[in-house]
Number of protein chains: 2
Amino acid sequence: MVSIKDVADQAQVAVGTVSNVLNNPDRVAEKTRERVLNVISELGFVRNDAARQLRAGLSRTIGLIVLDVSNPFFSSLARAAEDRAAESDSTVLLGDSCHDVGREGRYLDVFEQQRVKGVLISPVGNIDSRLEQLRAHGVPVVLVDRVDPQRRVSSVSVDDVAGGYMAVKHMLTRGRRRIAFIGASTDIQQVADRLTGAQQAVAEYPDAELEVVEAAAMTVLAGRAAGELLAERGRGGLPDGIFCANDLLAIGVMQAVLLIRGLRIPEDLALIGYDDIDFAQSAVVPLSTVRRPTELMGRTAVELLLEAIDRTAAESRQVIFQPELVTRGSTL
Amino acid sequence: MVSIKDVADQAQVAVGTVSNVLNNPDRVAEKTRERVLNVISELGFVRNDAARQLRAGLSRTIGLIVLDVSNPFFSSLARAAEDRAAESDSTVLLGDSCHDVGREGRYLDVFEQQRVKGVLISPVGNIDSRLEQLRAHGVPVVLVDRVDPQRRVSSVSVDDVAGGYMAVKHMLTRGRRRIAFIGASTDIQQVADRLTGAQQAVAEYPDAELEVVEAAAMTVLAGRAAGELLAERGRGGLPDGIFCANDLLAIGVMQAVLLIRGLRIPEDLALIGYDDIDFAQSAVVPLSTVRRPTELMGRTAVELLLEAIDRTAAESRQVIFQPELVTRGSTL
DNA sequence: ACGTGCTAATGAATCGATTCAATATCTGAT
DNA sequence: ATCAGATATTGAATCGATTCATTAGCACGT
């Protein structure tokens, strides 16, 4: 393995000079620099990051732990975070916790041992003790899609109450009055918030009513099951507007209700989802939805982390983004 | 920052002993070990991986670069790779190249500098020169979903010719004779292979014919466009079986043709996709498809890499998996 | 010729964990 | 009491890049 010393010998300079060529090129005379660079590519020298980090104490990597890489929300967030990090020439190392505390813990351990600059994490359940440990060890952390009630660390998240409000308000202004909310257990904070927003909107219209349907999960299949349950009531008993807690549910509901003879979306039933995943616009009837500013969240998360790294003692910041209504065929 | 020396001082032992507690616990007397472990958790000591790696030369991480984390094929492959790596207590660091050569190169650089044990990569286009460089630097590599024609490195991939064959053969045995293949450009090796397999199957039936339709991309929208093009011909001009080069295309095609009045899937038109993504089984009509053994591929890729790491000079191995036919409502 | 001021290059000390030859300590047998 | 042999512990040397105080080299003015 080629080391900086081999390069120095071959180029007839001191090791310090080679180091300067790499890190402070303008301190080295042009001629020398060229000579060294030539030797570097000749020998195929690759800087040993372990040694660099050990001595300099600085790391160029950021750890990112997401709940599920196959969820488009997280994958596009991760992509944006990578882009932003690259601009401050850092690299994002991605870990997928799969909603599993054990995996999450393993990644946190590895990231700590590797002395990453900081960690972005969308935590599984309660991570109070882990948070405390990371803080004790001085590892900067930023929460993603979650806030720390105690405001110890910075976070980026979305105002889901506002999102739920705008989804339902949208259908109400279009004349719908019998609204249904379909979501999984309100144990999930995000689902609870979206429902709260829905309730606020309905409360503004005395003649409107809101029905809550609990689905088994946040998947297409669970959505279809919920839709079939509604369909059994016959056309008379149906709501005229449905708000689903995410797009997958909405797509499932759409599949189920479209099988009802003669029922049309949006004429007879308006339908709106949440997240704006790719499938939303390519559904049989293009799906209206509430979009979260995913890219912006990814970029901002990195920026908050860089901030936290720079001035360690500074106060934390909670950035909450407003979601955006996307109207398509399903609510026209 | 707490170092091994601080631990040694506090526990009144030599640094070597602390190191042994961490790496060769059985060489240390029980009493001493306990004392040291207590001090470690008291002080919150976390091993500095940079120093460990620098001296010991060993790394516990594997780099994985995929084309697109949001593609379910890659995300589930990554998950399986992580599981397998964890069993040999290594960790997978995931990089997303987004089909971009620049990103791919950046991740390769970072992984080399971090001296990962090895790299798993699903390469963007031609990576001959990069491969050569990695080999020159002694970094073990395993290709994923791609083979090296020169067999320099090991690889895991799928027999897409067989996959195309079984998809079309399946429809032929169900009595279909006017088959259409819908895929993006055959510049993509995988698409070309699936078409070859389709042609082989059709060749076995003298009265069968195969039509090739080129879609703009491998997405739902492109599939829908292709489906609408077919639909314009009217019911008489339609094929009776369609094989799409992936599930997204098939879902788009399904959306388009279901809008044709009175046309039924599978009675009038059989449809089969490729990949078995989650959406396949939850489509309006559950979609038959060809499944690739994703988890097995991920695990195997890690195993080939570990092999390559152990005996550096050994010959490479090309593992090619057979895909599996999954029949659902769309071809019954 | 000499001093001043500047740029360029040097190389030893350093980061923290691991390794291993050397040493200390203990056990049990004689 | 002594010694062989096993077991436990020690601590200096090491990995490779960075840092920085020091030295070398050079140009210019007097």
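Note that this is a predicted model, so its numbers are computed, not measured. (Residues numbered from 1 in each chain as written. Chains lettered and ligands numbered in written order. Predicted model: local features only at pLDDT ≥ 70, side-chain atom pairs only at ≥ 80, totals over all residues. Heavy atoms only, no water.)

Points about unusual backbone geometry
In this structure, P266 of chain A follows I265 of chain A across a cis peptide bond, with omega equal to 10 degrees. Here P266 of chain A lies in the loop between helix 11 (247-258) and strand 9 (270-272). Of note, the phi angle at Q12 of chain B is positive, near 60 degrees, even though the residue is not glycine. Within the fold, Q12 of chain B resides in the loop between helix 1 (4-11) and helix 2 (15-23). (Helix = DSSP H or I, 4+ residues; strand = E, 2+ residues; numbered from the N terminus.)

Section: helix 13 (residues 294-310) of chain A
All names here are of chain A. If you check helix 13, its first and last C-alpha atoms are 25 Å apart, about what 17 residues at 1.5 Å a residue would give, namely 24 Å. Here helix 13 has its buried residues at T294, M297, G298, T300, A301, V302, L304, L305 and L306. Looking at the packing, one finds that the buried side of helix 13 touches strand 1 (61-66), helix 5 (72-87), strand 3 (118-121), strand 4 (141-144), strand 5 (154-158) and strand 11 (318-321). (Expected span 1.5 Å × (residues − 1). Buried < 20%, exposed > 50% of the residue type's maximum accessible area, 1.4 Å probe, protein only. Contact = heavy atoms within 4.5 Å.)

Details of the packing of aromatic side chains
The description of an aromatic ring pair uses the distance of the two centres, along with the angle that the planes make with each other. According to the stated counting rule, one finds nine aromatic pairs over all chains in the structure shown. Taking the centre distance of 6.3 Å and the plane angle of 45 degrees together, the rings of F243 of chain A and Y274 of chain A count as tilted. With F243 of chain A in strand 8 (residues 241-244) and Y274 of chain A in the loop between strand 9 and helix 12 (278-281), the pair connects residues that are 31 residues apart, well separated along the chain. Accessibility expressed as a relative area gives 0% for F243 of chain A, which makes it buried. Taking 6.0 Å as the distance between ring centres and 40 degrees as the angle between the ring planes, the aromatic pair formed by Y107 of chain B and F111 of chain B counts as tilted. Here F111 of chain B and Y107 of chain B lie together in helix 6 (residues 101-113), a separation of four residues that amounts to about one turn. F111 of chain B carries the same exposure label as Y107 of chain B, and that label is buried. Through pairs of rings, three or more aromatic residues link up here, namely F181, F243 and Y274 of chain A. Sitting above the plane of the Y274 of chain B ring, R194 of chain B keeps its charged end 3.9 Å from the centroid. (Phe/Tyr/Trp six-rings, centres within 6.5 Å; stacked < 30°, edge-to-face > 60°. Lys NZ or Arg CZ within 6 Å of the ring centre and 35° of its normal.)

A few points about the sheet that holds strand 9 of chain A
Residues and elements named next belong to chain A. The sheet built from four strands is open, its strands ordered 7-6-8-9 with parallel pairing. Edge positions in the sheet fall to strand 7 (209-214) and strand 9, since each has one partner strand and no second. Across the sheet, the mean angle from the axis of one strand to that of its neighbour is 20 degrees, orientation sign disregarded. The sheet contact formed by strand 6 (residues 178-183) and strand 8 spans four bridges and is parallel. Along strand 8, the bridge assignment pairs I179 with G241. Across the sheet, helix 8 (residues 160-173) is in contact with strand 6, strand 8 and strand 9; its angle to strand 8 comes to roughly 165 degrees. (Pairing = 2+ DSSP bridges. Axes fitted to C-alpha atoms, helices over the stretch in contact; angles between N-to-C directions.)

So, the protein's contact with DNA strand C
Close to DNA strand C lie 22 residues; A14, T32 and R55 of chain A together with I4 and R52 of chain B are nearest. Among the atoms of DNA strand C lying within 4 Å of the protein, the sugar-phosphate backbone contributes 72%. Side-chain polar atom of T32 of chain A to a phosphate oxygen of DNA strand C: 2.3 Å apart, as the coordinates give it. In the model, a phosphate oxygen of DNA strand C is placed 2.3 Å from a nitrogen or oxygen of the I4 of chain B main chain. Those elements that place two or more of their residues in the surface near DNA strand C are helix 2 (15-23) and helix 4 (49-56) of chain A together with helix 2 and helix 4 (49-56) of chain B. Here the surface near DNA strand C is built from residues that sort into ten nonpolar, eight polar and four charged. (Near = heavy atom within 4 Å. Polar contact = N/O pair within 3.5 Å; in protein donor to acceptor, adjacent residues only side chain to side chain. Nonpolar A, V, L, I, M, F, W, Y, C, P; charged D, E, K, R; others polar.)

Some thoughts on the interface of chain A and chain B
Between chain A and chain B, the contact holds 46 residues from the first and 46 residues from the second. In total, chain A and chain B occlude about 4,500 Å² of area from one another, counting both sides; carbon and sulfur atoms represent 57% of this. Counting the surface chain A buries against chain B, the share from its top three residues, Q113, R115 and F279 of chain A, is 14%. One can count eight salt bridges joining chain A with chain B. As a salt-bridge pair, D68 of chain A and R79 of chain B come within 2.8 Å of each other at their nearest N and O atoms. Scanning the region where chain A abuts chain B turns up 23 residue pairs in polar contact (both at pLDDT 80 or more). Looking at the side of chain A that touches chain B, the elements with two or more residues in it are helix 4, helix 5, strand 2 (91-96), helix 6 (101-113), helix 10 (220-231), helix 11 and helix 12 of chain A. Along the lines of polarity and charge, the residues of the side of chain A that touches chain B split into 21 nonpolar, 13 polar and twelve charged. (Buried area = accessible area lost by both parts, 1.4 Å probe. Salt bridge = Lys/Arg side-chain N within 4 Å of Asp/Glu carboxyl O.)

Focus on the protein's contact with DNA strand D
Around DNA strand D, 23 residues are found, and the nearest of them are I4 and R52 of chain A together with A14, T32 and R55 of chain B. Of all atoms in DNA strand D that approach within 4 Å of the protein, 69% are sugar or phosphate atoms. Interatomic distance of 3.4 Å between a backbone N/O atom of A51 of chain A and a base nitrogen of DNA strand D. R55 of chain A is positioned such that a nitrogen or oxygen atom in its side chain is 3.1 Å from a base oxygen of DNA strand D.

Quick notes on the relation of the copies chain A and chain B
Mapping chain A onto chain B is achieved by rotating through 180 degrees and translating by 0.1 Å along the same axis, at an RMSD of 0.2 Å. Taken together, the rotation and translation describe the operation of a two-fold axis. In terms of proximity to the rotation axis, the leading residue of chain A is A50 of chain A, whose C-alpha is 2.1 Å off the axis. A share of 100% of the interface residues of chain A reappears at the interface of chain B, consistent with the copies meeting face to face through the same patch. (Least-squares fit on C-alpha atoms with pLDDT ≥ 70 in both.)

Comments concerning the domain arrangement of chain A
Along its sequence, chain A is carved into domain 1 (4-47), domain 2 (61-157 + 294-321) and domain 3 (160-292). Centre-to-centre, using C-alpha coordinates, domain 2 of chain A lies 31 Å away from domain 3 of chain A. (Domains from an automatic or database assignment.)

Points about the packing of helix 5 of chain A against helix 6 of chain B
In the contact formed by helix 5 of chain A and helix 6 of chain B, the axes pass within 13 Å of each other and the chain directions differ by 70 degrees. The angle between helix 5 of chain A and helix 6 of chain B places the two elements in the roughly perpendicular class. Along its contact with helix 5 of chain A, which presents R79, E82, D83 and A86 of chain A, the element helix 6 of chain B presents R103, R106 and Y107 of chain B. For the contact of helix 5 of chain A with helix 6 of chain B, the per-class residue count stands at two nonpolar, no polar and five charged. (Parallel < 35°, antiparallel > 145°, perpendicular 65-115°, else oblique.)

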